[in-house]
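The lines below spell out each chain.
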Amino acid sequence: MPGEEPLRVGRPLVVAIDGPSGSGKSSVSKEVARRLRVAYLDTGAMYRAVTWDCLDRGVDLADSALVEAAARGLDLELSTSADHESVVVHGHDVTAEIREPRISQSVSAVATNLGVRNELIRRQRALIAVHGRRMVVEGRDITTVVARDAEVRLLLTASEEARMRRRGLQLGGTQTAEDLHEQVLERDRKDSAVASFSQAADGVYTVDSSDLDFEETVEAVLAVVHAAVAAPQAGH
């Protein structure tokens, strides 16, 4: 609940949240981070930042070496506060721009580049360490690769119908059914070639939010956090 005492004060508390597109990862993860009073990391924003940089500079996304080089040379400032979203690339504020449809349509080409993944995973782990390992981290393959040693590992999922509906609402009803299918289901299909985020690995809890509203989903995730902290070896 809001205002509750922070868990594991002075000790690590990494909450790793995986899930497919439209499952509510970002909004739920932000609220969970607020209530736990820990930092928040949207790893997807990092891939979007690389995509923006490549498109801005005319880098061919099919040239894997050039895209990897862009990721390694990226000057990125990323907010780790659940209350303030900020993404700055080479001094340019791209917080809003990285959410544009053109980025959504191109980000899989970057996210499936293994060289980019290695570089961004390195940065993500460094950010977790900088924050004393007290952070909610959400995205793809977080529970199995990025933070497989997290105190809490969770897969947040939902039915295809629920995910398409939520993404449509998130985008203000501006997308056609075909656009939503491309952004949600087709992107998952492409990304699943290099990341595991649709099935819970051993020791990873699952929360299915198909029939839950936002507050119910947040409460379900917090219940998992409390259960995992109380019994760290438990998982299902």
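The structure contained in this document is the topic of the report that follows. A quick note: this is a predicted structure, and the numbers were derived from the prediction, not measured.

### Remarks on the sheet that holds strand S4 (residues 87-89)
Now for step 1: Strand order in the open sheet formed by 3 strands is S3-S4-S5, and the pairing between neighbours is antiparallel. Strands at the two margins of the open sheet, each flanked by one partner only, are strand S3 (76-78) and strand S5 (92-93).
Now for step 2: Bridge analysis of S3 against S4 gives 3 bridges, and the strand direction is antiparallel. The partner of Leu-78 across the bridge, within S4, is Val-87.
Now for step 3: The strands touched by helix H2 (residues 43-57) within the sheet are S3, S4 and S5, with S4 carrying the most contacts at an inclination of about 35°.

### Topic: unusual backbone geometry
Now for step 1: Even without being glycine, Arg-37 reaches a positive phi, approximately 60°.
Now for step 2: Assignment of secondary structure puts Arg-37 in the loop between helix H1 (25-36) and strand S2 (39-42).
Now for step 3: The phi dihedral of Arg-133 falls on the positive side, at around 55°, and the residue is not glycine.
Now for step 4: Position of Arg-133 among the secondary structure elements: in the loop between helix H5 (114-130) and strand S6 (134-139).
Now for step 5: A residue is classified by how much of its surface remains accessible, and Arg-133, at 24% relative accessible area, is partly exposed.

### Thoughts on the sheet that holds strand S7 (residues 152-157)
The strands making up a sheet are joined through hydrogen bonds of the backbone, oriented either antiparallel or parallel.
Now for step 1: Across the sheet, 5 strands lie side by side as S2-S6-S1-S7-S8; this open sheet has parallel pairing. The outermost strands of the open sheet, each flanked by one partner alone, are S2 and strand S8 (205-208). On average, each strand axis in the sheet is inclined to that of its neighbour by 20°, with strand direction left out of account.
Now for step 2: Examined bridge by bridge, S7 and S8 share 4 bridges and lie parallel to one another. Looking across to S8, one finds that Leu-154 is bridged to Tyr-205.
Now for step 3: Across the sheet, H5 is in contact with strand S1 (13-18), S2 and S6; its angle to S6 comes to roughly 155°.
Now for step 4: In this fold helix H9 (residues 214-230) packs onto S1, S7 and S8, with an angle of close to 155° to the strand it touches most, S7.

Rules used in this analysis
- Residues numbered from 1 in each chain as written.
- Predicted model: local features only at pLDDT ≥ 70, side-chain atom pairs only at ≥ 80, totals over all residues.
- Heavy atoms only, no water.
- Pairing = 2+ DSSP bridges.
- Helix = DSSP H or I, 4+ residues; strand = E, 2+ residues; numbered from the N terminus.
- Contact = heavy atoms within 4.5 Å.
- Axes fitted to C-alpha atoms, helices over the stretch in contact; angles between N-to-C directions.
- Buried < 20%, exposed > 50% of the residue type's maximum accessible area, 1.4 Å probe, protein only.

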